Amino acid sequence: MTASGAEPTLFERIAAREIPARIVAETDRVIAFHDIAPKAPVHVIVTPKRGDYRDVVELASADPALLAELVDVANGIAADLADGDFRLIFNTGPGGGQTVFHVHAHVLAGGLEEASLAG
Ligand code: AMP
């Protein structure tokens, strides 16, 4: 259980090392790991360690510095794992393709011509 009494989210459990993941970067508040079903040569999830915010709209309103930190970590991953260029996607709401309701960015990089998050 989290401090709020809610069940931990999938990504909180990854941050706590309860569920294995291929972690590529970490700060005090942010963790990044390879997506389990990659849609591009580099496909990394960047997310706050705590699941306080459901989506990027909530995060931007409540903690813009944490949103900026996600972008900064994404930029570093694209530099480390690809040529520095990247696509940053925040699926927002079920109709936007969101399935994990703990805000996260998809970092796609490295040969994006064929990359799509659809299907
Ligand atoms: P979204 O559909 O935008 O909510 O993105 C959730 C993402 O989490 C999907 O791209 C999934 O492939 C990914 N995912 C689900 N479970 C895991 C896991 N255990 N480790 C890494 N990525 C995962």
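Scroll up to find the structure this text is about.
Residues numbered from 1 in each chain as written. Predicted model: local features only at pLDDT ≥ 70, side-chain atom pairs only at ≥ 80, totals over all residues. Heavy atoms only, no water.

**Focus on the site of the ligand**
Then, number 1: Not every one of the 15 residues close to the ligand is listed here, only the nearest: Asp35, Asn91, Thr99, Val100 and His106.
Then, number 2: Taking histidine 104, its side chain carries an N or O atom lying 3.0 Å from an oxygen atom of the ligand.
Then, number 3: Note that an oxygen atom of the ligand is positioned 2.8 Å from one of the side-chain N or O atoms of histidine 106.
Then, number 4: Out of a free accessible area of 500 Å², the ligand has 84% covered by protein chains.
Then, number 5: At the level of secondary structure, the elements contributing two or more residues to the shell around the ligand comprise α1 (10-15) and β2 (30-34).
Then, number 6: Top element by residues in the shell around the ligand is α1. It accounts for 3 residues. (Near = heavy atom within 4 Å. Polar contact = N/O pair within 3.5 Å; in protein donor to acceptor, adjacent residues only side chain to side chain. Areas by Shrake-Rupley, 256 points an atom, 1.4 Å probe, with all protein chains shown as cover. Helix = DSSP H or I, 4+ residues; strand = E, 2+ residues; numbered from the N terminus.)

**Observations concerning the sheet that holds β2**
Then, number 1: Strand order in the open sheet made by the 5 strands is β1-β2-β3-β5-β4, with antiparallel pairing throughout. Two strands close off the open sheet at either side, each with one partner strand: β1 (23-26) and β4 (87-89). Averaged over all neighbouring strand pairs, the angle between strand axes comes to 20 degrees, with direction disregarded.
Then, number 2: Note that β4 and strand β5 (residues 105-109) share 3 bridges and pair antiparallel. Note that in β5 the partner of arginine 87 across the bridge is leucine 108.
Then, number 3: On the sheet, helix α3 (residues 64-81) packs against β1, β2, β3 (42-48), β4 and β5 and is oriented at approximately 155 degrees with respect to β3. (Pairing = 2+ DSSP bridges. Axes fitted to C-alpha atoms, helices over the stretch in contact; angles between N-to-C directions. Contact = heavy atoms within 4.5 Å.)

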